[in-house]
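# Structural features, examined
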Amino acid sequence: MGAALLAATPAAPCAASFPEIPDEAPRYKGWPVDALILEGVDKDLRESLGEGLALSGESKLLGKDKALCFVHTLREDLERTRPCLARHGMPDATIPVELEPRPNRKSLRVRFRISGSVVRGSEARVKGVPGALLDDIAPVLPEPGSVFQDAVMNRVSTNLVNALQQRGHARATVALSVEPAGAYAVTVVFEVSPGPVCYFRRVEVVGSPDNLEGLARRSTDISSGDRYHPRKLRRADESLRLLGVFGQSRGTPEPAGLDSVDVTVTVSERSPRTIEFGVGYWTDDELRVSSRWQHRNLFLGGRGFEISALYSKFEQRLASSTWWPAVPTPRSRVSLEAAVTRNSEPNYTQLDLSLIFSTVYRFSALNFVQAGLDLSRVSVTPKEDSAGDIPDEQGLVSTFFAKLEFDGTNDRIRPRSGAASKTRLEFAPEPLGVSGYLLAEEKAIGYVRLPLGAFVSGRMRVGAAHPIPGEGDLLPNRRFYSGGATSHRGFARRKLGPLDESGDAMGGNLVFEGSVDLRFPLFKFLKGAAFVDTGQVWGRLEDVKPNQIEVAVGPGLWVDTPVGPFRVDYAVRVTTLSPEPRTQVQISIGSTL
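A quick note: this is a predicted structure, and the numbers were derived from the prediction, not measured. (Residues numbered from 1 in each chain as written. Predicted model: local features only at pLDDT ≥ 70, side-chain atom pairs only at ≥ 80, totals over all residues. Heavy atoms only, no water.)

## Describing the nonpolar core
- Within the largest apolar cluster, 25 residues are counted, with the highest numbers of intra-cluster contacts made by L85, L108, V110, F112 and I114.
- Where this core is concerned, the elements lending two or more residues are β1 (33-39), α2 (43-51), α3 (71-87), β4 (97-102) and β5 (107-113).
- No other element matches the 4 residues that α3 contributes to this core.
- For F112, the contacting residues outside a window of four places in its chain are L36, I37, L38, E39, L53, L55, D77, L78, T81, I95, P96 and V97.
- Counting 21 residues, the second-largest nonpolar core is a separate cluster that includes A216, Y228, L233 and V261. (Core = buried A, V, L, I, M, F, W, Y, C linked by side-chain atoms within 4.5 Å. Buried < 20%, exposed > 50% of the residue type's maximum accessible area, 1.4 Å probe, protein only. Helix = DSSP H or I, 4+ residues; strand = E, 2+ residues; numbered from the N terminus. Contact = heavy atoms within 4.5 Å.)

Printed below as a string of structure tokens:
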């Protein structure tokens, strides 16, 4: 397309005729290039150009390797720059080069002074589109007077095809031509061939083992006679990947008659077995070890089995589960889990033997809703030296639960923008167990980018629980707790809120937490932080008083690692409502949600 633009614009003088490379360039042979400066273009073009030029240097994990100055390197970078400028509406641009030596350091800066007239599109025409669709596709056309850029024209062509395909024209094509319209102006013509409105006829799965073929076909959710829409193909690909038994999936439409389309879904089988092991240490849980073994197709047809184990000072858990995929919808699955969980706190021990039946529907890999029933045999034993009101309780607890998780951040491990949330609802009717209650909890976190590589994050947690009947007590592991590296950093683990006479956490029926973090780069992978944490846990609703909210501030250091940010925070409480120590050092890895 760059060639078409050159042909449609006035003849330009040959760029090679300009004395762009200074005569003194050989004098600086082999000198390091401190910076390559591109003048005369906007920021986006400057960044995309710089990434592809040798004189910009090479980015490394811990910094950047400087390029060395040679005449042939200057010439090659100029040759790379010219066609890029042509594709961005500057076909006759000139690029005089200036060298700025630093003799005391034996290095230099290189400056490209880019100048030239910009070609603009005076008009955009569309041919071959039915009149009823003209108004629908008008918003995707370039504005008159906009700069002629290859990327923009290609994007417009793609958008035109997508607009037609979304209306069932599976075989739509667009051809682009350019006509002169004066000095440095062109008319852009999009010639459209919509083709007929098409309908799906059949789906064929390629690459799947026999025991998974029926599951794969059912999960595409494409039926014969459905009107063609590219969104159906994208959803089919995503639904197949969400099954967990296929490594890759791609649905390809193929013509099958005048107005019919067959879909060939090509999948690659993923290794069904996974073994995971993790170990870590941080201030909340101290030593924490976890492991998991999973076979995603042990019982064939995508029916899998999993065994997992977790150990920390305060929690030990052993669980096994099995599941049935694509039941009752292509994106849902039904699972059955059996688990043994032991919570060991300074003032009590709780043992849960659980059988959990649930169904989950996935909107995407990270966003889902889950609902189910948890039948648990619960045994709570207060410690002999416990000074608090921990009930000695045993019996069945039947809990109906629902969860909703959303993750719209730009990076799951090192987020810098977007938001995420977790919602939890639980209802245990008192007639179906020894302890009834109603619980709701919401956690949310958001990130906003700032200039100079900094960003700010805000986190909130709100929860409330009510025992049934109202005068009863919640089980210890159904209460809310706060304090620690991943909640209120001004307190040690679980030290915010009601405590017994021994200083052990009693938990409460209501919790509020809020925090704001400012994070900024210090040196390469090292980042600094400043934060404010607020929060409180109240035993009951009548205990809630806004003036009891505890506030802590402090600095922190962040180190980006492959498994997430390693954080060290130093918190100082500015409120004096609690007798707990006013300063805390918190260590953790990962996001605070």
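## Thoughts on the packing of aromatic side chains
- Across all of its chains, the model carries 5 aromatic pairs by this definition.
- Ring centres of Y447 and F455 lie 6.3 Å apart, and the angle between their planes is 50°; on these two criteria the pair is classed as tilted. As far as burial versus exposure is concerned, Y447 and F455 are alike and both buried.
- Here the guanidinium or amino end of R333 rests over the ring plane of W323, the centre of that ring lying 4.5 Å away. (Phe/Tyr/Trp six-rings, centres within 6.5 Å; stacked < 30°, edge-to-face > 60°. Lys NZ or Arg CZ within 6 Å of the ring centre and 35° of its normal.)

## Quick look at the sheet that holds strand β7 (residues 173-180)
- Spatially, 3 strands are ordered β6-β8-β7 in an open sheet, and the strand pairing comes out mixed. Edge positions in the open sheet fall to β6 (120-127) and β7, since each of these has one partner strand only. Between one strand and the next, the sheet's axes are offset by a mean angle of 20°, whatever the strand orientation.
- The sheet contact formed by β6 and strand β8 (residues 185-193) spans 7 bridges and is parallel. When the sheet's bridge partners are listed, V126 is paired in β8 with F190. (Pairing = 2+ DSSP bridges. Axes fitted to C-alpha atoms, helices over the stretch in contact; angles between N-to-C directions.)

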